[in-house]
Amino acid sequence: MSRQRPLICGNWKLHHSVAQSRLAIKQLQTHLQSTPIQVAIAPVAVALESSCRMAKSKHTTPIDIAAQNVFHAPQGAFTGEWSVQHLRELGCTFALVGHSERRQLFGESDALVARKVEACLQKGITPIACIGESSQQHQQGEAHIVLKKQLTSMLQPLSSRLASRLVIAYEPVWAIGTGQAAQPQQIQDTLAFVRLLIQRLQGPHVAQQVRLLYGGSVSKNNAYAFMQQPHIDGLLVGGASLHAHTFIQVIQQAHKGWLAAK
Ligand code: PGA
């Protein structure tokens, strides 16, 4: 159990043109009221520069910018990639790493995800490392086995100083984009297992510090119940983050749920 500052990150995936991203950020900045919740959005890569520039403007509620992906090497013959240093240069705070779409559609292995996580932590970008079981693994009762494998490869190489800054997003693949979110109690139980595993691998201090998010069909209707769960420190939101007004409703509901559980 931990009561870290909550984080809510919108994952815009391959949606929104650069101009639409700018507009959505502007709307967020206009309508989002000051909140203790740390709010981030992950726009498409080519909109990162303008998004970071907008996010730096004073006089608005702070929004952090996350990349949806990053490569672990600092430079070299890696056509099509960008590095953690590039994200630093732009002013990003976070990078999503190992999202299930990267794992499934682009063949990212646990080993590659672990290298990206470590590179981010070493160079001052906070990775939001995604883990989660597929529908088949879920049905066969293998969720804990899958999560243990994903977490172990990620956590084992890290010093506890680096590991404590990690954000982990539990996103069961069967809940992503389906409208079938996991049940709050089910997430709470899974994250209790995740925290126990972190404790075994990295000790109790790190287990307290790591922020655990839930993602998968989060909406304004379920955000309150999720944030009431003591192990849930935040949310990774896909579809419901695309429009500023719905995303703000998710943030407001999450804030209320978090306060009610305090
Ligand atoms: P969803 O996506 O909220 O649309 O299910 C979540 C994600 O893929 O991060």
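Predicted model only: the values in this text are computed from it and were never measured.

### Describing the overall build of the chain
In terms of regular secondary structure, the chain is built from 12 helices and eight strands. Its C-alpha atoms give the chain a radius of gyration of 17 Å, near enough to 18 Å, the size a compact globule of 262 residues would have. Along the longest, intermediate and shortest principal axes, the C-alpha atoms of the chain span 50 × 45 × 35 Å. Put simply, the chain has 262 residues, and 55% of those count as buried. In the chain, the share of contacts with a sequence separation of at least 24, taken over all contacts with a separation of at least 6, comes to 74%. When the accessible surface of the chain is summed, it comes to about 11,800 Å², and 52% of that surface belongs to carbon and sulfur atoms. Distance from the positive charge centre (24 side chains) to the negative charge centre (13 side chains) of the chain: 8 Å.

### Section: the environment of valine 173
Structurally, the position occupied by valine 173 is in the loop between β6 (167–170) and α9 (184–202). Separated by 102 residues in sequence, valine 173 and phenylalanine 71 place their C-alpha atoms 23 Å apart. When neighbours within four sequence positions are excluded, valine 173 is seen to be in contact with Ser100, Gln104, Gly132, Glu133 and Ser134.

### Focus on the nonpolar core
Where a protein is soluble and globular, its nonpolar side chains tend to be buried together. By size, the foremost hydrophobic cluster in this structure holds 71 residues, and its most contacted members are Val117, Leu166, Ile198, Tyr214 and Leu235. In terms of residue count, helix α12 (residues 244–261) provides more of this core than any other element does, seven residues in total. Aside from chain neighbours lying at most four places away, what touches valine 117 is Val97, Pro127, Ala129, Met154, Leu158 and Leu166. Residues Phe94, Ile128, Cys130 and Leu213 belong to the second largest nonpolar core, which totals 13 residues.

### Describing the site of the ligand
Near the ligand you find 14 residues, and of these Lys13, His99, Glu171, Gly177 and Ser217 are the closest. At a separation of 3.5 Å, an oxygen atom of the ligand approaches a polar side-chain atom of asparagine 11. Expressed as a share of its isolated accessible area of 280 Å², the protein-covered part of the ligand is 94%. The residue makeup of the shell around the ligand, split by class, is five nonpolar, seven polar and two charged.

### A few points about the sheet that holds strand β8 (residues 234–237)
Within a sheet, each strand pairs with its neighbour through backbone hydrogen bonds, oriented either parallel or antiparallel. Within the closed barrel, the eight strands sit side by side as β1-β2-β3-β4-β5-β6-β7-β8. Their pairing is parallel. Averaged over all pairs of adjacent strands, the angle between strand axes in this sheet comes to 25 degrees, irrespective of strand direction. One ladder, built from four bridges, connects strand β5 (residues 126–131) with β6; its direction is parallel. Within β6, the position partnered with isoleucine 131 by the bridge is tyrosine 170.

### Here we look at the pairing of β6
With burial as the criterion, each face of β6 is covered, one bearing Val167 and Ala169 and the other bearing Ile168 and Tyr170. Taken together, the four bridges between β6 and strand β7 (residues 211–215) define a ladder with parallel strand orientation. Of the residues in β7, the one forming a bridge with tyrosine 170 is tyrosine 214.

### Quick look at the environment of glutamate 89
Along the chain, glutamate 89 turns up in helix α3 (residues 84–90). On a C-alpha basis, the gap between glutamate 89 and valine 117 in space is 18 Å, while along the polypeptide they are 28 residues apart.

### Some thoughts on the pattern of salt bridges
With the rule as written, the count across this model stands at seven salt bridges. The closest approach of N and O atoms between lysine 149 and aspartate 110, which form a salt bridge, is 3.0 Å. One end of the pair, lysine 149, is in helix α7 (residues 143–155); the other, aspartate 110, is in helix α5 (residues 110–122), and 39 residues separate them in sequence. By relative accessible area, which is 56% here, lysine 149 ends up exposed. On the basis of relative accessibility, which here comes to 16%, the residue aspartate 110 falls in the buried class. Through salt bridges that share partners, Arg102, Glu108 and Lys116 make up one connected network.

Procedures and definitions
Residues numbered from 1 in each chain as written. Predicted model: local features only at pLDDT ≥ 70, side-chain atom pairs only at ≥ 80, totals over all residues. Heavy atoms only, no water. Helix = DSSP H or I, 4+ residues; strand = E, 2+ residues; numbered from the N terminus. Rg over C-alpha atoms; globule rule 2.2 N^0.38 Å. Buried < 20%, exposed > 50% of the residue type's maximum accessible area, 1.4 Å probe, protein only. Contact = heavy atoms within 4.5 Å. Areas by Shrake-Rupley, 256 points an atom, 1.4 Å probe, with all protein chains shown as cover. Lys, Arg positive; Asp, Glu negative; His and termini not counted. Charge placed at Lys NZ, Arg CZ, Asp CG, Glu CD. Core = buried A, V, L, I, M, F, W, Y, C linked by side-chain atoms within 4.5 Å. Near = heavy atom within 4 Å. Polar contact = N/O pair within 3.5 Å; in protein donor to acceptor, adjacent residues only side chain to side chain. Nonpolar A, V, L, I, M, F, W, Y, C, P; charged D, E, K, R; others polar. Pairing = 2+ DSSP bridges. Axes fitted to C-alpha atoms, helices over the stretch in contact; angles between N-to-C directions. Salt bridge = Lys/Arg side-chain N within 4 Å of Asp/Glu carboxyl O.

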